[in-house]
Amino acid sequence: MPDSMAPDVTTPIAPVSTPERIQGAVHDPRRHESAHKHVSGEAVYVDDIAEPAGLLHVYLGLSSRAHARIRSIDLSPVRQAPGVVAVFTAADVPGVNDIGCMGKHDEPLFASTLVEHVGQPIFAVAAETRDQARRAAKLAVLEYEDLPAVLTIAAARDGERTLVTAPMTLRVGDADAALAEAPHRVEGRLAIGGQEHFYLESQIAMAVPGEDGEVLIHVSTQHPTEVQHIVAHVLDLPSAAVTVEVRRMGGGFGGKETQSNLFAACTALVAKRTGRAAKLRPDRDDDFQITGKRHDFEIDYRVGFDDSGLIQGVDMLFAARAGYAADLSGPVTDRALFHADNGYFYPAARLESLPLKTNTVSNTAFRGFGGPQGMVAAERVIDEIAFALGKDPLEIRKRNFYGSEDRNLTPYHQTVTDNILPELVAQLEESSGYWQRREDIRAFNAGSRILRKGLALTPVKFGISFTASHYNQAGALVHVYTDGSIQLNHGGIEMGQGLYTKVAQVVAEEFQVDISTIRPTATNTGKVPNTSATAASSGSDLNGKAAQAAARTIRERLVAFAAENWGVAPDAVRFQRNRVLVGDRDMSFADLVRAAYMARVQLSATGFYKTPKIHWDRAAGRGTPFYYFAYGAACAEVTVDTLTGEYVVDRVDILHDCGRSLNPAIDRGQIEGGFVQGMGWLTMEELWWDAQGRLRTHAPSTYKIPACSDRPRIFNVALLENAPNREDTIFRSKAVGEPPFMLGMSVLHALSDAVASVAGHRFCPRLDAPATPERVLGCIAALRERAAASPQS
Amino acid sequence: MRQRLRFYLGDELREIDAVDPTLTVLDWLRLSERRVGTKEGCAEGDCGACTVVVGRLDGDTVRYEAVNACIRFLATLDGCRLLTVEHLKGPDGALHPVQQAMVDCHGSQCGFCTPGFVMSLLALYLNEERPDGQRIDDALAGNLCRCTGYEPIVRAAHAMYEMGDRTTDRFADRAAMAEKLKALRDEEILSVGAGGRRFLAPATVPQLAQLLLDNPGATIVAGATDVGLWVTKFQRVLATVIYTGRVRDLRRIEDRGDALVIGAGVTYSDAAERIAALYPDFGELIRRIGAEQVRNMGTIGGNIANGSPIGDTPPALIACGATLRLRRGAETRELPLEEFFIEYGKQDRREGEFVEAVILPKPAAGERFRAYKIAKRFDQDISAVCGAFRLTLDGEGRVADIRIAFGGMAGTPKRAAGAEVVLLGRHWTEETVRQGMEALADDYAPLSDWRASAAYRSTVAANLLMKLYVETSDPAAETRLVGDRRLAHA
């Protein structure tokens, strides 16, 4: 173990909550800072902001073809429609007609001569009302010359294999040799569907023009700095002329990391060209068509293993549908490879990505960012081994976990130094009663004519840090006012995950004042610049540390002032529950602040943080891309109707590692919500394109996310106790945004287990995702046929 | 004729003369009133972010119902009371028990769906004392949340009863509100509009009949759970809307002795209990149509009249042998429901004619009824296949009578004529059923679409016949995943 990986034990861990503690200290199950506003309708989202006088409403004209040359565009009917003020096309873009996040110039704001997916924007129309703009947008007369369209992974992979960005390969050991020498080999293909984010608040932006070409943009985005850059790029402005502000989002999940660029750029363009404020909010159906989704994958796998189920070599090819442009497909498919091991040690592995170009919307970030697809592949491989050897999959999982002292090198040559999966899974195995229930289910299935039960326990190991190392930085700004109240600002976005609450807890802790003293303010590129996307589960790790640094700077100034002013040693200045003890003097925090102000002490500070220890060499496929790993496991039990393929989730037990949780209530919310979202991805959520490349599941009427009654009927969720992060993260907590999403895999595997029972668990069902009732029933039929064709001897 | 729309927004009487006939409640709240607490999530009644509570006069009391503001037309609020999330806080700024429970249980994350959940919970709180888990799931089925996984919201649904006293709740004084609403009630035709387009809401059946004769191109609207989407999704401009919701005689269920006569304006919610008392499994089917908000607006008459091949009540009604009563002017006629559906998009309804009632015969002794709804999701989903069966066996265990109807299998809700013939008179055995399953393949040629492939639809339709067989022949077999499991062997 290299020295740099040694746990840093110098940071003290805060004491547990006591009656003497402030309200809203770190580790308290504090409610969301906006909860009272959420429940009363007073929380302001972009569409709720009072509109500036003269605001124009913008709507987009979209391609109806998957791949075509635009022969002609007649926009005069649009211009003549009631209420229309202006129409803009690529020719009207003052800067560069490009909104791509990777600098590849492959994603135009408006298509001009070529359309590459159904729903691609071609023009924008601005009108006095949204209804008028929407009606007018439908009136354009477009003539297309259709070109051959590549719509599926199969067509792209088996055809020309055009890639949107450079693929990656991870290699450890000699996979071919290991496979050749293994006593057993299995190979197969796994298909995993994509996923629509279905943030409840659809995409939206409102731009307000200012002086000297300046523009202020209110936008629902996870990445205000990127919006700022893109708008500057499109409008040919310096970044300093563009300000982006976000108070909160009605959900993001990765869908507003880059996808908000389009809407912001469009409104900014209209604002610049008309001098009037402009707002764009697509209808839900259009949002589905225009914006990217989670990548669907087809994964070809080969695994070699010994008689005990120990993996010897793995070879996987990850073919992903990237859509028409790169967007984040490179890092997403990279992360799939980074997680193709899940929690398992591969002595030899070759993992390759294929980010395939297709004539569909450009797929993008979504909670887990490719990691989930990699992990589903790992779990499929485990199931294959279990069925091949006739063993319980849990046994094979445990046999292949990373070791602590050895067997701990990942396919990207990072050593796993914080592995707690064996203990965590053992604890869940016990608390969920896995083996007893395994027996009970066997008995139930033996006596049940139509309904079948299934059980599965699957682990999660998720790497924390942006793999683009430069993103692992954050800034914060803290102001203390002379009445003792505090404003807090940082680069992270509040999208429901409770980031503002957690960071406020950190600042409250540092000043030892009640959290009500802290007022989080809207994220604004004018306050904290050069922010990273709130993504990769990094929000509280990065911004919490940055805010802590800012608060400590001010606290240190206050200590120095108090020590000097009242003639005590600095360590005689103590902050305690809204008061400050200076030697034997006891004063309120506000009194100290006022005194400091009178003495001309600066009461505002910035803070900055960058994650230590990480580095990544993509070309070599080697490095330490992750600061640490977050772990968890889930045990799911389902019942399947073998006549219809329908199913219910009877019970789920989760044990999840949040380190020393900053806020157990919020973290529990992330775990429960992430699990249900992950379960939805693998079960009922189905993106269905027709032969013309049109998405036909484009609204909640056709695209089904889990509803209330789909949650597990028994849902036992626990946070792993006594497990502080071994790294020096903010108060030893762990990131929790994405990791619980993958707990949903347990449901897919429980379904697979139930399906397998129809053929006596003789064959691996190879149940693909999403496991809709139709796919489950198809799998049951296939297994029954197979069993009939090869009767048990 | 009254040319002024009247309703209460909270405690405030609003009177509006000029109103676009298809202006939605949501757009009115957000755009005209700048009451932006109510959110738009989908504009098609499927996510519940826009949920508001509407109080309507019901005898001497007020009935409070959660509805979707996004697809409900403002003018349909005539004579009602509209409550939005902004009404809940007390005069002193204190949160309502429903709100406090959501805060204390960590029921909000991003908060965008939250006002809708709060309003669904409010309706539940006002109407029901300590509902069980199933009822809470049903009450929340029409509200999607992408953040929480619902668990904390369900906790709040339990906890809200600990937070306040329902009997002294601010909204509990229904008698006083009923008096106010009674004062708004009249027998006039409501006629409001703007820009040459009209919203006409008759109060009586003869008025409705006459309006339809006078306005042959008019669009009839009942719950607007379908027509609402024509407006929000397709931006269709409807010149004349004739709303049936004020016609009290259409909102009645009459017990004729041998049958229930269900007025065309009866909502799913109003009908559920009466139908369930006769056909428990039909009640279970209604529980799974749309969600609470849709069932509070949508009508059985509308479900029939719009002719959709995937409406859920027609297969069940056809299997039960229901007949339809149509009316044109003073003239009425009745026909078996299956004959109403001619082909996709075409029904046996003449110009100026309207569905007045559906007549649901009561079950005969020994008759067994089952309905199965198959979709990707149990709640608030449109069926891929909906099958309904009415079976009577004679004393020898032979099929004395069988009626089978499916939705989602053809261009209309349709009977399985071939399978019925195969089964009739035969001993009710697995072998017979397997022959019936084969015959079903000739009865239907379903389509493939995003809800299901043709192959899945055909397989499942056949398997549902097998399910019927198991449920009627093997009392020990467990066959149900959701709802009241006892219905399987009832």
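Residues numbered from 1 in each chain as written. Chains lettered and ligands numbered in written order. Predicted model: local features only at pLDDT ≥ 70, side-chain atom pairs only at ≥ 80, totals over all residues. Heavy atoms only, no water.

Participant: Describe in detail the overall build of chain B, supporting the description with residues and values.
Facilitator: Summing up its helical and strand segments, chain B has 17 helices and 20 strands in all. Whereas a compact globule of 490 residues would reach a radius of gyration of roughly 23 Å, chain B reaches 23 Å, a difference of no more than 12%. A principal-axis box enclosing the C-alpha atoms of chain B has dimensions of 70 × 55 × 40 Å. For chain B, the residues scored as buried account for 65% of the 490 residues in total. The long-range fraction of contacts in chain B, counting pairs at least 24 apart against all pairs at least 6 apart in sequence, stands at 66%. With the model as given, the accessible surface of chain B reaches about 16700 Å², and the carbon-plus-sulfur share is 49%. (Helix = DSSP H or I, 4+ residues; strand = E, 2+ residues; numbered from the N terminus. Rg over C-alpha atoms; globule rule 2.2 N^0.38 Å. Buried < 20%, exposed > 50% of the residue type's maximum accessible area, 1.4 Å probe, protein only. Contact = heavy atoms within 4.5 Å. Areas by Shrake-Rupley, 256 points an atom, 1.4 Å probe, with all protein chains shown as cover.)

Participant: Please provide a residue-by-residue account of the overall build of chain A, values included.
Facilitator: Secondary structure summary: chain A contains 19 helices and 29 strands in total. What you see for chain A is a C-alpha radius of gyration of 27 Å, in line with the 28 Å of a compact globule of 793 residues. Each principal axis of the C-alpha distribution contributes one length, and for chain A these read about 90 × 75 × 50 Å. Residue burial in chain A is summarised as follows: out of 793 residues, 67% are buried.

Participant: Tell me about helix α5 (residues 151–163) of chain B, and name the residues and values.
Facilitator: If you check α5 of chain B, its first and last C-alpha atoms are 18 Å apart, about what 13 residues at 1.5 Å a residue would give, namely 18 Å. The sharpest bend along α5 of chain B measures roughly 30 degrees and falls at Ala-157 of chain B. Those residues of α5 of chain B not exposed but buried are Glu-151, Pro-152, Ile-153, Val-154, Ala-156, Ala-157, Ala-159, Met-160 and Tyr-161 of chain B. Here the buried face of α5 of chain B lies against α17 (664–682) and β29 (714–719) of chain A together with α2 (97–104), α3 (114–127) and α4 (133–140) of chain B. (Expected span 1.5 Å × (residues − 1). Bend = angle between axes of the 7 residues up to and from the residue.)

Participant: Account for the sheet that holds strand β8 (residues 184–192) of chain A, with residues named and values stated.
Facilitator: Residue and element names in this part refer to chain A. Spatially, 5 strands are ordered β7-β15-β14-β13-β8 in an open sheet, and the strand pairing comes out mixed. For this open sheet the edge positions go to β7 (169–172) and β8, each flanked by a neighbour on one side alone. Along the sheet, successive strands turn relative to each other by an average axial angle of 10 degrees, direction set aside. In terms of strand pairing, β8 meets strand β13 (residues 297–305) through 9 bridges, oriented antiparallel. Opposite Ile-192, over in β13, you have Phe-297 as the bridge partner. Strand contacts of helix α9 (residues 329–338): β7, β13, β14 (311–323) and β15 (349–357), with the helix running at about 155 degrees to β15, the strand carrying the most contacts. Against the sheet, helix α10 (residues 371–389) contacts β8, β13 and β14, and its axis sits at roughly 40 degrees relative to β13. (Pairing = 2+ DSSP bridges. Axes fitted to C-alpha atoms, helices over the stretch in contact; angles between N-to-C directions.)

Participant: Could you give me a rundown of the interface of chain B and chain A, with the residues and numbers involved?
Facilitator: Counting residues at the interface gives 81 residues for chain B, matched by 84 residues for chain A. Our count for the contact surface shared by chain B and chain A stands at 17 salt bridges. Residue Glu-42 of chain A pairs with Lys-89 of chain B through a salt bridge whose shortest N-O separation is 3.0 Å. One can count 42 residue pairs in polar contact (both at pLDDT 80 or more) joining chain B with chain A. Among the elements of the structure, α2, α3, α4, α5, β17 (367–374) and α17 (454–473) of chain B are those that each provide at least two residues to the side of chain B that touches chain A. (Salt bridge = Lys/Arg side-chain N within 4 Å of Asp/Glu carboxyl O. Polar contact = N/O pair within 3.5 Å; in protein donor to acceptor, adjacent residues only side chain to side chain.)

Participant: With reference to specific residues and values, describe the nonpolar core.
Facilitator: Residue and element names in this part refer to chain A. Counting residues in each nonpolar core, the largest one holds 150 residues, and the members touching the most others are Met-316, Phe-511 and Phe-589. It is helix α15 (residues 539–566) that provides the largest number of residues to this core, a total of 11 residues. Two domains each provide a minimum of three residues to this core, namely domain 2 (297–467 + 618–789) and domain 3 (473–610). Setting aside chain neighbours within four positions, we find Phe-511 in contact with Val-478, Val-480, Ile-486, Ala-551, Ile-554, Arg-555, Leu-558, Phe-575 and Phe-589. (Core = buried A, V, L, I, M, F, W, Y, C linked by side-chain atoms within 4.5 Å. Domains from an automatic or database assignment.)

Participant: Residue-level account of the packing of aromatic side chains, with values.
Facilitator: Each aromatic ring pair is specified by the distance between its two centres and by the angle formed by the two planes. Residues and elements named next belong to chain B. Using the criterion set out here, one finds 33 aromatic pairs over all chains in the structure. Consider the rings of Phe-389 and Phe-406, whose centres lie 5.7 Å apart with planes at 90 degrees: the pair is edge-to-face. Of this pair, Phe-389 sits in strand β18 (residues 385–393) while Phe-406 sits in strand β19 (residues 399–407), and the two are 17 residues apart along the sequence. A residue is classified by how much of its surface remains accessible, and Phe-406, at 0% relative accessible area, is buried. (Phe/Tyr/Trp six-rings, centres within 6.5 Å; stacked < 30°, edge-to-face > 60°.)

Participant: Summarise helix α9 (residues 268–278) of chain B; cite the residues concerned and give the values.
Facilitator: Residues and elements named next belong to chain B. Here α9 has its buried residues at Tyr-268, Asp-270, Ala-271 and Ile-275. The buried residues of α9 occupy an angular sector of 140 degrees when projected down its axis, which confines them to one face. Facing away from the buried side of α9 by over 90 degrees, the exposed positions are Glu-273 and Ala-277. (Arc of directions from axis to C-beta.)

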